[in-house]
Amino acid sequence: MNREKWRIYNGKPTVPDHLVVPFITGDGIGVEITPAMQKTVDAAVKKAYRGKRSIVWKEVSAGEKSFKATGEWLPDATVKAFDDYLIGIKGPLTTPVGGGIRSINVALRQTLDLYACVRPIRWFKGISSPVKHPEKVDMTVFRENTEDIYAGIEWDKGTPEADKFLTFLCNEMHVEKIRFPQTSAFGVKPVSEEGTKRLVESAILYALENKLPSVTLVHKGNIMKFTEGGFKRWGYELAREAFGDRVFTMTEFEQTVASEGREKANERLENAQQSGKVIIRDVLADAFLQNTLLKPEAYSVIATLNLNGDYISDQLAAMVGGIGISPGANINYQSGHAIFEATHGTAPDIAGENKANPSSLVLSAVMLLEHIGWNEAATMITKAMENCFLNGNATSDLSHFMPNGQHLSTSQFQQALENEIEQVLI
């Protein structure tokens, strides 16, 4: 059997028929949902390609299990495996408490420079939702993954570092707006032109490749004028410089309003939409969160900063049924590195009870299959999940809210998915 790595040659991926994929089982419910994901993927790949293709799973270690065995939360060998093989997938991991590594997830993103956190959010028929029209929610969030507050540059109050930083702010930078300086902790929010532009470029390329109508830059530039305001400014610059007449920016719209009137501007916007150009616009984060409830159909691809993206992706997930059915990926589109992941936690309260929902990790595996171009297998899994939910087959976190819900265990739900895969025609 020819077991090879996914590689990038001349900017293009080459995918062997029998692809090695490193994986981290994860902590807590990871022990249950990761095998369920693997069995589902194996069934879809086998059927779609009649045994000519396969995933060769390579386990690597991280998290609580690794710490207990080796004293390391994230061994160098695990990072090297993801770096070497370019792709991987992981279950939920415990965040260490009281010292050590801040977050394994953040450490992987920063070490491998996985600058785009990609979260597609859509509704499945049969899933209960707290909103009236969850079918209108169909967005993909591109969250910048390596900068902003999540860079982890901060100092606790009363520490020598905080005192030194305060002295610098007051004496060197002449800052006078710190309300309670002696009891303040401090954090630094780096936002760069390069980091912004590569993230926005990825979002626009995604919209063009998938024939989606718009990319919306979500920010708080009205308050943070040089960081979040820079994100907006640099995003528009990138759109004009890199994509030219393939996009129509709302800055062009505003310029047309000023020079030729609103009627002409609306005409140009309508022509751009009809010709398939991607509309680039921006909105303040607080207004966007409101608009997602009032007019979610107005948005398709979202590009935003790290902290905003954290809030936004979780709210959107709640609108379609929760993070239990929300997939995610951390990707560097320039180097080809990508790690796909469950977007929820380890759920220790139900670990070992065979009732965890594997859907987030399964749908993250769908993203992995799409990423390597195995779209037939990806489509099979998605259709199988749609059929399961439509028939009320789900784990108890979802089935309790379905009129025809049947409470399945983790293993029973995985078997239901596999049965549906056997019935799917593509």
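Use the structure listed above.
Residues numbered from 1 in each chain as written. Predicted model: local features only at pLDDT ≥ 70, side-chain atom pairs only at ≥ 80, totals over all residues. Heavy atoms only, no water.

Caption draft 1: Seen up close, the overall build of the protein chain. Assigned secondary structure in the protein chain consists of 15 helices and 18 strands. Overall, the C-alpha framework of the protein chain stretches about 60 × 60 × 50 Å when taken along its three principal axes. The buried share of the protein chain, taken over its 426 residues, is 50%. Taking the contacts inside the protein chain whose residues are at least 6 apart along the sequence as the reference set, 73% of them involve residues at least 24 apart. Element-wise, carbon and sulfur atoms account for 51% of the exposed surface of the protein chain, whose accessible area totals about 20,400 Å². Computed over 45 positive and 52 negative side-chain charges, the separation of the two mean positions in the protein chain equals 3 Å. (Helix = DSSP H or I, 4+ residues; strand = E, 2+ residues; numbered from the N terminus. Buried < 20%, exposed > 50% of the residue type's maximum accessible area, 1.4 Å probe, protein only. Contact = heavy atoms within 4.5 Å. Areas by Shrake-Rupley, 256 points an atom, 1.4 Å probe, with all protein chains shown as cover. Lys, Arg positive; Asp, Glu negative; His and termini not counted. Charge placed at Lys NZ, Arg CZ, Asp CG, Glu CD.)

Caption draft 2: Representation of the packing of helix α1 (residues 30–49) against helix α15 (residues 410–423). Put simply, α1 and α15 touch, their axes get as near as 10 Å, and they point 10 degrees apart. What the angle tells us is that α1 and α15 run roughly parallel. Across from Glu32, Ala36, Lys39, Thr40, Ala43, Ala44 and Lys47 in α1, the residues of α15 making contact are Thr410, Gln414, Leu417, Glu418, Ile421, Glu422 and Gln423. Taken together, the residues that form the contact of α1 with α15 break down as five nonpolar, four polar and five charged. (Axes fitted to C-alpha atoms, helices over the stretch in contact; angles between N-to-C directions. Parallel < 35°, antiparallel > 145°, perpendicular 65-115°, else oblique. Nonpolar A, V, L, I, M, F, W, Y, C, P; charged D, E, K, R; others polar.)

Caption draft 3: Highlighting the pairing of strand β15 (residues 327–331). Among the five residues that make up β15, five are buried, leaving the element largely enclosed by the rest of the structure. Of the two faces of β15, both are covered, the one formed by Pro327, Ala329 and Ile331 as well as the one formed by Gly328 and Asn330. Where β15 and strand β16 (residues 338–342) come together, five bridges link them in antiparallel fashion. Bridged to Ala329 within β16 is Phe340. Count of turn residues in the β15/β16 antiparallel hairpin: six residues, of which Gly336 carries a positive phi of about 95 degrees. (Pairing = 2+ DSSP bridges.)

Caption draft 4: Highlighting the layout of surface pockets. In this model, the largest pocket occupies a volume close to 1,200 Å³. Surrounding the largest pocket, 44 residues form its lining, Tyr206, Asn210, Tyr333, Met367 and Glu370 being those nearest its centre. Looking at the lining of the largest pocket, the elements with two or more residues in it are β7 (116–122), β8 (138–144), α6 (193–209), β15, α12 (359–371) and α13 (375–390). Residues that form the lining of the largest pocket fall into these classes: 22 nonpolar, 14 polar and eight charged. (1 Å grid on protein atoms, 1.4 Å probe; cavity = no way out; pocket = protein on both sides within 12 Å on 5 of 7 lines; lining within 4 Å. Points joined across faces, edges and corners; volume = space filled by probe spheres on them.)

Caption draft 5: Spatial organisation of the nonpolar core. By size, the foremost hydrophobic cluster in this structure holds 81 residues, and its most contacted members are Ile89, Ile204, Val215, Ile280, Leu369 and Phe389. Setting aside chain neighbours within four positions, we find Ile280 in contact with Ile204, Val215, Leu217, Tyr236, Ala239, Val247, Phe248, Thr249 and Met250. Of all hydrophobic cores here, the second largest spans 15 residues; its members include Val60, Ala81, Ile104 and Ala107. (Core = buried A, V, L, I, M, F, W, Y, C linked by side-chain atoms within 4.5 Å.)

Caption draft 6: The pattern of salt bridges, seen in detail. Across all of its chains, the model carries 18 salt bridges by this definition. The partner of Lys197 in a salt bridge is Glu237, and the shortest N-O contact between them spans 3.4 Å. Of this pair, Lys197 sits in helix α6 while Glu237 sits in helix α7 (residues 228–243), placing them 40 residues apart in sequence. When salt bridges with common partners are traced through the structure, they connect Glu193, Lys197, Glu237 and Glu241 into a single cluster. (Salt bridge = Lys/Arg side-chain N within 4 Å of Asp/Glu carboxyl O.)

Caption draft 7: Representation of the packing of α12 against α13 within the structure. In contact at an axis separation of 7 Å, α12 and α13 are set at 155 degrees when each is read in the N-to-C sense. Judged by the inter-axis angle, α12 sits roughly antiparallel to α13. For the pair α12 and α13, the crossing hand works out as left-handed. Here Ser359, Val362, Leu363, Val366, Leu369 and Glu370 of α12 come into contact with α13, specifically with Asn375, Ala377, Ala378, Ile381, Thr382, Met385 and Phe389. Class assignment for the residues of the contact of α12 with α13 results in nine nonpolar, three polar and one charged. (Left-handed = near helix turned anticlockwise from the far one by under 90°.)

Caption draft 8: Examining α1 more closely. With 20 residues, α1 extends 28 Å from end C-alpha to end C-alpha; this agrees with the ideal 28 Å at 1.5 Å per step. Directly beyond the C-terminal end of α1, a positive phi value near 50 degrees is found at Arg50. (Expected span 1.5 Å × (residues − 1).)

Caption draft 9: Representation of helix α9 (residues 262–274) in the model. For α9, spanning 13 residues, the distance from its first C-alpha to its last is 18 Å, which sits close to the expected 18 Å at 1.5 Å a residue. When α9 is considered as a whole, its buried residues turn out to be Ala265, Leu269 and Ala272. Along the axis of α9, the buried residues cluster in a sector spanning 60 degrees; they form a single face. More than 90 degrees from the buried face of α9, the exposed residues found are Glu263 and Gln274. (Arc of directions from axis to C-beta.)

Caption draft 10: Up close: a nonpolar patch on the surface. The grouping of Phe168, Met173 and Val175 at the surface amounts to a nonpolar patch, some 260 Å² of accessible area in total. Its place among the elements puts Phe168 in helix α5 (residues 160–172). (Patch = residues over 30% accessible without salt bridge, like charges linked within 9 Å, V, L, I, M, F, W, Y side chains within 5 Å.)

Caption draft 11: Expanded view of the environment of Asp163. Mapping Asp163 onto the fold places it in helix α5. Using a relative accessible area of 36% as the deciding quantity, one classes Asp163 as partly exposed. Sequence spacing of Asp163 and Pro181 is 18 residues, and the spatial spacing of their C-alpha atoms is 9.0 Å.

Caption draft 12: A look at the packing of aromatic side chains. Taken as a whole, this structure holds 10 aromatic pairs when the rule is applied. For the pair Phe67 and Trp73, a centre-to-centre distance of 4.6 Å together with 15 degrees between the ring planes defines the contact as stacked. For Trp73, a relative accessible area of 16% puts it in the buried group. Pairwise contacts between aromatic rings join Phe124, Phe389 and Phe413 into one cluster. Just above the ring of Phe124 sits the side chain of Arg122; from NZ or CZ to the centre is 4.0 Å. Just above the ring of Tyr150 sits the side chain of Arg143; from NZ or CZ to the centre is 5.0 Å. (Phe/Tyr/Trp six-rings, centres within 6.5 Å; stacked < 30°, edge-to-face > 60°. Lys NZ or Arg CZ within 6 Å of the ring centre and 35° of its normal.)

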